[in-house]
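Understanding the architecture of this molecule
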Amino acid sequence: MSFGNTRFGGNAPGGNNTNSQPAPASAQGPAVQMVNAMINEAVRVGASDIHYEPRKDKVEVRFRIDGVLHTWRDLPKDLQDVCAARIKVMAELDINEKRLPQDGRISVNFGTRSVDLRISTLPIMYGEKVVMRLLDRGMSFRPLEALDFSPHNKAAFENLIHQPLGLLLVTGPTGSGKTTTLYSALNVLRNKANNIVTCEDPIEYDMEGVNQSQVFEKIGLTFARQLRSILRQDPDVILVGETRDSETAEIAFRAAMTGHMVLSTLHSNDAPTAVTRLTDMGVPPFLISSGLIGMVAQRLVRRLCPSCRRQAPPTPQQAALLSIGANEKIYHPVGCQACEGTGYKGRIGVHEVVAVDENFSRLIMNRAPSSDLRRAAQQAGMVPMREDALLKMRGGLTSPEDVIRQVFLRVDEYDAAPAPPLAPVSADEAVAVPEVEPLAMIGAA
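To keep things clear, this report deals only with the structure shown in the data block. These numbers were taken from a predicted model, which means no experiment stands behind them.

Procedures and definitions
- Residues numbered from 1 in each chain as written.
- Predicted model: local features only at pLDDT ≥ 70, side-chain atom pairs only at ≥ 80, totals over all residues.
- Heavy atoms only, no water.
- Phe/Tyr/Trp six-rings, centres within 6.5 Å; stacked < 30°, edge-to-face > 60°.
- Buried < 20%, exposed > 50% of the residue type's maximum accessible area, 1.4 Å probe, protein only.
- Pairing = 2+ DSSP bridges.
- Helix = DSSP H or I, 4+ residues; strand = E, 2+ residues; numbered from the N terminus.
- Contact = heavy atoms within 4.5 Å.
- Polar contact = N/O pair within 3.5 Å; in protein donor to acceptor, adjacent residues only side chain to side chain.

Some words on the packing of aromatic side chains
Tallying each qualifying case throughout the model produces two aromatic pairs. Arranged with centres 5.2 Å apart and planes meeting at 20°, the rings of phenylalanine 63 and tryptophan 72 form a pair that is stacked. Under the relative-accessibility criterion, phenylalanine 63 is labelled buried at 0%. Accessibility expressed as a relative area gives 3% for tryptophan 72, which makes it buried. Judged by centre distance (5.0 Å) and plane angle (20°), the rings of phenylalanine 149 and phenylalanine 157 are stacked. The exposure class assigned to phenylalanine 149 is buried, which follows from its relative accessible area of 11%.

Some words on the pairing of strand 5 (residues 113-124)
In this sheet, strand 5 lies alongside strand 4 (residues 102-110) in antiparallel orientation, the contact comprising nine bridges. Counted as the bridge partner of asparagine 109 is serine 114 from strand 5. As judged from the 10 bridges shared by strand 5 and strand 6 (residues 127-136), these two strands associate in the antiparallel manner. Within the sheet, the bridge partner assigned to proline 123 lies in strand 6 and is glutamate 128. The loop that links strand 5 with its antiparallel partner strand 6 comprises two residues.

Digging into the environment of histidine 332
Note on placement: histidine 332 falls in strand 14 (residues 330-332). In this structure the C-alpha to C-alpha distance between histidine 332 and proline 314, which are 18 residues apart in sequence, comes to 8.7 Å. Other than its neighbours up to four places away in sequence, histidine 332 contacts Leu304, Arg309, Arg310, Ala312, Pro313, Pro314, Gln318, Pro400 and Glu401. Within polar-contact distance, the side chain of histidine 332 engages the backbone oxygen of alanine 312 at 3.2 Å.

Describing the side chain of threonine 171
Of note, threonine 171 is situated in strand 7 (residues 166-171). In this structure threonine 171 comes out as buried when scored by relative accessible area, which is 0%. Non-local contacts of threonine 171, meaning those with residues more than four positions away in its chain, are made with Lys178, Leu266, Ser268, Asp270, Ala271, Ala274, Val296, Ala297 and Gln298.

Right, here's the structure in full:
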C-alpha cells in the first residue's frame, strides 16, 4: 500500500544501541512532529490501529488497514524513547514507568472531526511497544441495510431485535464489527416511546435519543456496577458493550428475564459456541435457556476493489479448501491506484444468525455439546457463516484468499501468496521530518 503524498516511508537509519537513552531536548520537536504525523496519516488512510514496535536497531511503525497490518515506516532508534514518551504524555500516562503495561486515552481534533485513541503500552525486549486504536467519534453509525446481511440473515436479525424482551448476543473476535452491529440495532429501536440506556467502554458512537454511559474501571465503575444502576433507570432497551465476566452476564440475563431487551457482545468463535462460553464463565444453564433469545456471529472480510478485481478460476488449493469446482469463475484482487495497490477497498460482514427455540433451550438446559447445538441451530434455519462467506465470494464481493483466512482457516494454516508490497520510498524521503501542524488535543480520559 502506498501512503499518498506523505514524506514518510522506507527504512530510516538508526544506531545499534539496544538500551537507547532519552534524546536531548533538541530532538523533542521532531518527536512531537513525528507522533502527530503518525496519527494524522493513520486517520487519513482509514487505519483502525497504529503499532509502534521497537526492534533491535530501529522502531517499526505499522498501520492496520482493513484488518491487515502494513508497515508505514521505520524510525531511527534514537527517536524511540522520545516518541513513546510523547504518546504517554498525551495519554496522561507515567513516562517514568517502563516496566509495567499502561493504558490510557487521547482525544484529538481533525478540523470538525473528533477522534479518540485508546493507548496500550507493553514492555518488550527492545523497549515499549505502543498500540493506538483509533475511534472516530464523528463517524456516523451504519444503518441496518449497510451491514451486508444476506436477505435470510437480515430477516432473522430484524425479528430478534423486535422481540419485547430477552438477551441478544453478537459474537466474534476483537475488531469484527460487533459494536457497529449493535448500534445499527439501536438505530432501529430508538423512538420517543423507548428509554434506551447503554453501558460502554468506550462510547464509540454519539447517538441522539440514547442515554449513553461509560465504564471507568480505574475508579471502580465496572460493567456490573454500571448495569445495576441502569436497571434503576426504568430502561426498555439496554446495551452492554461487552459481557466480560459472570457477574455482568448474570445481571444481563436477569434483566432480560424481567421485561427488558438486552443487547451485548461476547467473544466466541461462532454463534452456537456462545452458549459454551457462557457456561464456562459460570452462568447457570437455567439463566441462559430462560433469557437468551438469539445469537449473531460475524467476521469481517476485505471487500474487493471494484475497479481492478479480475475473474479467474480458483487455485487447486483454494478449490480443495472451499469445496468448489476447479473451473468456477470467481474474483481475485489485483491492485490499482483506487485501492492504493492492495486489491481491496473496505470490508464487509459475513454472518450466521441463531434464533433460540424450544429445542435449543432444552439442549442448553441439558448442557449439550456445541456440536449438538450447531446441529439444532441448522435444523431451525441457521445458515452457517461459511455458506454466507461463499455466497459473497461468488457474488464478487470478496476473494477466496480472504474467505479462507478469515472464515475457513487460521492465517498460519493457509500458504497463500503474500500481500502486494508497499510502494518503495527513496532514501531522501525516508529521513525527512514531516511538516505537520500539531494535533489539537481535547483532553485525555
